[in-house]
Every structure is written in structure tokens, then in C-alpha cells.
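Residue-level listing of the chains:
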Amino acid sequence: MKHSFIIFFLISINFFAQIFVSPDGNDTNSGTIDSPLASIVEAMNLIQPQDTIYLLAGVYKVSEKISITKNGYADSLYCLFGYNGERALLDFSSMEVNSSNRGISLSGTYWHIYGIDVKGAGDNGMHVSGSFNRIEFCTFYENNDTGLQIGNGASDNQIINCDSYFNADPGQGNADGFAPKLDVGSNNYFYGCRAWQNSDDGWDGYMRGNDDVSTILENCWSFKNGYLKSGNASSGNGNGFKLGGSDDKTLMHNFTLKNCVAFDNRIKGFDQNNNKGSMILYNCTAYRNGTNYSIVSTLNDGKIANVTNSISLGNYGTLDNFVEQQTNSWFTPFTVTEEDFISIDTLGVRGPRKSDGSLPDINFLHLANGSDLIDAGIDVGISFIGTTPDLGAFEFDPNITGVLTNEKIKNDFTLEQNYPNPFNPNTSINFSVKNKSFVKLEVFDVVGRKIKTLVNDWKNSGNYKINFEAKELSSGIYFYILNENGQIQTKKMTLVK
Ligand SMILES: [Ca+2]
Ligand SMILES: [Ca+2]
Ligand SMILES: [Ca+2]
Ligand SMILES: [Ca+2]
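This structure is a prediction, so every number in the text was calculated from the model and none was measured. (Residues numbered from 1 in each chain as written. Chains lettered and ligands numbered in written order. Predicted model: local features only at pLDDT ≥ 70, side-chain atom pairs only at ≥ 80, totals over all residues. Heavy atoms only, no water.)

A word on the side chain of Asn-292
The test is simple: Starting at the N terminus, helices and strands are each numbered in turn, a helix being any DSSP run of H or I of at least four residues and a strand any DSSP run of E of at least two. N or O atoms within 3.5 Å of each other form a polar contact, as long as, within protein, one can give a hydrogen and the other can take it, and as long as residues adjacent in sequence are counted only when both atoms are side-chain atoms. Whether two residues touch is decided by their heavy atoms; if any such pair falls within 4.5 Å, the residues are in contact.
Among the structural elements, Asn-292 can be located in strand β28 (residues 291–295). A distance of 3.0 Å separates the side chain of Asn-292 from the side chain of Asn-289, its partner in a polar contact. Each residue touching Asn-292, except ones within four places of it in the same chain, is listed here: Gly-269, Phe-270, Ala-286, Tyr-287, Ser-312, Leu-313, Gly-314, Asn-315 and Tyr-316.

Observations concerning the coordination of the calcium ion (ligand 2)
Ideal coordination angles are 109.5 degrees for a metal with four donors arranged tetrahedrally and 90 or 180 degrees for a metal with six donors arranged octahedrally. For clarity, the threshold we go by: A donor here means an N, O or S atom no more than 2.8 Å from the metal, or no more than 3.2 Å when the metal is Na, K or Ca. Since water is not included, a site may seem to lack partners. Three exposure classes are used, based on accessible area relative to the maximum for each residue type with a 1.4 Å probe and protein chains only: buried under 20%, partly exposed in between, and exposed over 50%.
Here the calcium ion (ligand 2) is held by the protein donor atoms Asp-176 (OD), Asp-176 (OD), Asp-200 (OD), Asp-201 (OD) and Asp-204 (OD), which lie 2.1 to 2.9 Å from it. Written as a sequence motif, the donor residues of the calcium ion (ligand 2) are D-x23-D-D-x2-D. Taken as an interatomic distance, the gap from the calcium ion (ligand 2) to the calcium ion (ligand 1) is 3.8 Å; Asp-200 donates to each of them. Of the two residues, Asp-201 and Asp-204, both sit in the buried class.

Observations regarding the packing of aromatic side chains
Rules: The criterion for an aromatic pair is that two Phe, Tyr or Trp rings (for Trp, the six-membered ring) have centres within 6.5 Å, with stacked assigned to planes under 30 degrees apart, edge-to-face to planes over 60 apart and tilted to the rest. For a Lys NZ or an Arg CZ to count as sitting over a ring, it must be within 6 Å of the ring centre and within 35 degrees of the ring normal.
Under the definition given, this model contains 28 aromatic pairs. Centroid distance Phe-223 to Phe-263: 4.7 Å. Interplanar angle 10°. Geometry classified as stacked. Here Phe-263 lies in strand β24 (residues 261–263) and Phe-223 lies in strand β21 (residues 221–223), a separation of 40 residues in the sequence. Across from the ring centre of Phe-137, 4.5 Å away, lies the NZ or CZ of Arg-87, which sits over that ring. Taking NZ or CZ as reference, Lys-224 lies 4.4 Å from the ring centre of Tyr-227, over its face.

Regarding the coordination of the calcium ion (ligand 1)
Protein coordination at the calcium ion (ligand 1) comes from Gly-173 (O), Asp-200 (OD), Asp-200 (OD) and Asn-237 (OD1), with a distance range of 2.3 to 2.8 Å. Spacing between the donor residues of the calcium ion (ligand 1) along the chain follows G-x26-D-x36-N. Judged by its relative accessible area of 2%, Asp-200 falls in the buried class.

Some thoughts on the environment of Val-380
By secondary structure assignment, the location of Val-380 is in the loop between β32 (324–326) and β33 (413–415). Along the primary structure Val-380 and Lys-258 are separated by 122 residues, whereas in three dimensions their C-alpha atoms are 9.9 Å apart. Setting aside anything within four residues of it in sequence, one finds Val-380 in contact with Tyr-282, Asn-283, Thr-308 and Asn-309.

Regarding the pattern of salt bridges
Any two side chains of opposite charge can pair, given that their charged atoms come close. Going by this rule: In what follows, salt bridge is the name for a side-chain nitrogen of Lys or Arg lying within 4 Å of a carboxyl oxygen of Asp or Glu.
Counted under the stated rule, the structure contains 16 salt bridges. The partner of Lys-229 in a salt bridge is Glu-142, and the shortest N-O contact between them spans 3.1 Å. In this pair, Lys-229 is assigned in the loop between β21 and β22 (239–242) and Glu-142 in the loop between β12 (139–141) and β13 (148–150), connecting sequence segments 87 residues apart. A salt bridge links Lys-354 to Asp-361; the nearest nitrogen and oxygen atoms lie 3.0 Å apart. When salt bridges that share partners are traced, they join Asp-163, Arg-194 and Arg-353 into one network.

In C-alpha cells form, the structure reads like this:
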């Protein structure tokens, strides 16, 4: 009863405009669900902050670049969503192959783009030059350059649960899956993404025009890069994660990779490529790449390379003496064989995502019961099961039989009861965030009117204490709701004057 009430008012409180677009729509329509527009560009012209453009399911044949230029604010995002969990495919295949023919050019800020597929653009599927955007549960495939590229100083973007595959440029040496590269800014974050069979690299952080920037990847899989859709080898670089590099070999890209997996990439799994910045690899797994790990050239002063709790099935490659290493699978007394894993069959790795966009459950490269790699790692600040962290990207859970999940690194958070409660007129609301994520904390009254937005921003992992002041409000029951990456927790508080 209580639940349905809360769900009811969560829906009913949204007074912001919704603009609907359909492949069968018409731009003379009003833009309601029953009378949708035809053109995404027209919807872009109409949208106001906090509005949502819903793309009804279907194939949108688009022949010109879609430029997203409006700037939202931390407390009023623009939203572009596939409607109701269905997929909207933006098919740019009629575009000529040309570096000015990107599919979507996102130069705006504070956009949340969710549930959209981008195919066949004449250049990048999407190019992000704006900051503080969240691109979620989108796919980029068969574009004529990198699927999703981030550049022009763009910073603080979150790329969550996206796939990028079968991208190939005519020369095959440029198209990566995900490319925070060249003049990209800092603090872009990838979570739960997959890149496969791109003609050049899975991820590429090559620098030109900017220096000493930082990028974070968690729970990302990169495989079969350096191969074309046909399965033939490409003439591109073929690395899973290319962690930088620059023309004069001096520029720095600081990468942090946690729980990332590279396999079957043609040349290298995890590749420094003359990057002079810091590279932190925690709990990564590499298998059957040309070379699994390669960090071989000295870094700039003050920069460090660290590979810890990581697995190589097969020869690990080359990590120079300056690379700090602890408890990797190639150290004594560990032995790594196929028997350490439930499966080394890649079955399911490119399978469909769950309905919330998270990665599919697989057995591939998950540790088998009895492996000496279980509970063999050291604590690097990633949550773990058992007495200590395991080696590799997937933590063994003795309580789960059959298909394993990636639960342990799912974003999660706690929302505490406010204190004092009842209160007048000030109270504190504490919450904690485990992984960096987009957090919204809002207060509603008992009929579901939004009273105040207390938080609407990216938060790093940590504990937060927010003061709520209710001097202007009357006595009664209020709700506060924390929304973190789409997961919601609600608590009740009482103002007594
Ligand atoms: Ca290349
Ligand atoms: Ca590349
Ligand atoms: Ca073993
Ligand atoms: Ca463990």
C-alpha cells in the first residue's frame, strides 16, 4: 500500500513537459504521445530545461547531423530518452563518409541521454564536446569512425552501460569504440561499457592538444578490437585499452581502470602506448590478447603506474621495473590455468543487457570454486566478498551457484534517517555513495509536490551530510528521496512547529 502510494506520487509529481517524437510522427503535430513530432531536431528546438524528449520505438532515418547545443544546469537537466524502455534507432546510414558527418554532436551540458542506438554515421556516432552529461544504455555501431568520442575539453561526462562495436573508418586506423582522446578534458567516467570489434582500439586515450587529464573506467569489457565486423583482421591498432600516447611522446593521460576485462584483442589488452601519465589498474583480467599487459616506457616525474590484483591467463606481457605491482596472478605462488575459471568460453559476452542496462551475467573468466586466486588479493578500496579481494575483475561469491553477476561493483548507496526527527526547523540528511555517480536528493510534501532539490550532481564515493531547513514550511510529514543512477530510496520525516 505504502509502496504504491510512493510510486503514484513519483509519477504524478512530474509536471515538466514531455515532447514525443516518432518515426511515424509529423512536425505539425502537437508533440504529445498521441500526436508525436517526426523530427528530433524540431524537438530539440522546443525543449526547455527539465523537459524530456521521448523517442518512441522504431527506426529514425536521419541524414544530417543532430546538434545538441542547449546548456542545462545541475538542478535542471535536459533529457533525451527512448520511451518506456524501448529502443529508438537513429540510422544515419544515408550519410556520406566525411569527417564533418557525425551522427550526434553533443556540445551542450547537463544532458541525460538514455536508451538510444546510433548507427551508420559518416564519422563518429556521437561526439561529446560538452561537459556534465550522462550517456546511458546507448549503443554505437557501424559508424564510419569512433562510436563515441569525447574531446574539445569535455569533462565530467558519465558514460554508463553503453556498447560500441563494429565501428570502422575507411582507413581502419581511427575508429575506436570509445575515445576520450586528443583534446579531451578530465574526469570522464565509463562504467559497465563494452567495446568490441572496432577497427582500431576498444578504448583510446591518445593525447593531442591537451595534457595531464584523467579518465576513470570501471567494470568495462573490451574484446576483438582490431577486427572488422566480417571477422577479418583490420589494419588498425587493435588494442583493448590504449591508455594514451602522443605525437611527441610527452603528454600525460592519467587512467584508472578497475575490474576491467580485455580479451581477444589483436595486438594488446592493456597498452601504455608511450603515455607519460599515471596508470592504475586494479583487479583487471586479460586473456588471449596479442600481448596482455604492456607498460614499458618511463613516466613523467610524479606519475605512477600500478598493477594490482590482476589476472593474466597466459603470458602477462611486459611491465617494466618502475611499475608498482602487488598480488598479480603471475606472481608466486599462484598458478593460472583454465581450471581457475568456471568457463573460458566467451559465450554471452556480447549478449543483451539486462532491462536496467547493466551487463549480462556470464561465467566467462569468473573464478571457479577452489581457485588459488580467490581471496588472494589486497584491499585496494574496491568492495569484495570473503576475507580479502580476489584477483581479477569478477569476485567469487560462494553463495551464488550457476551464473554469476557483477553485483559487487554495482553502484550502491545508503540513505539514513534524518536527524533530528521530528525536527524544527533544521535537520540533517546523511547518505553515502559507494561509486562515483549522479545523485539527486529531493524533498516532497505529502501530496507529492516537490519542495526542494537538495542535491543534483555527480558525487564521488564518500559520506555526505546535507542540511535541510524548513523555516517556511508548515508542520506535517515530508518525504525525501535519493535517486542514484536510477535507483531510488525514500524516507519519511516529520516537521513539528
Ligand atoms: Ca590508430
Ligand atoms: Ca585509436
Ligand atoms: Ca590456479
Ligand atoms: Ca574475495
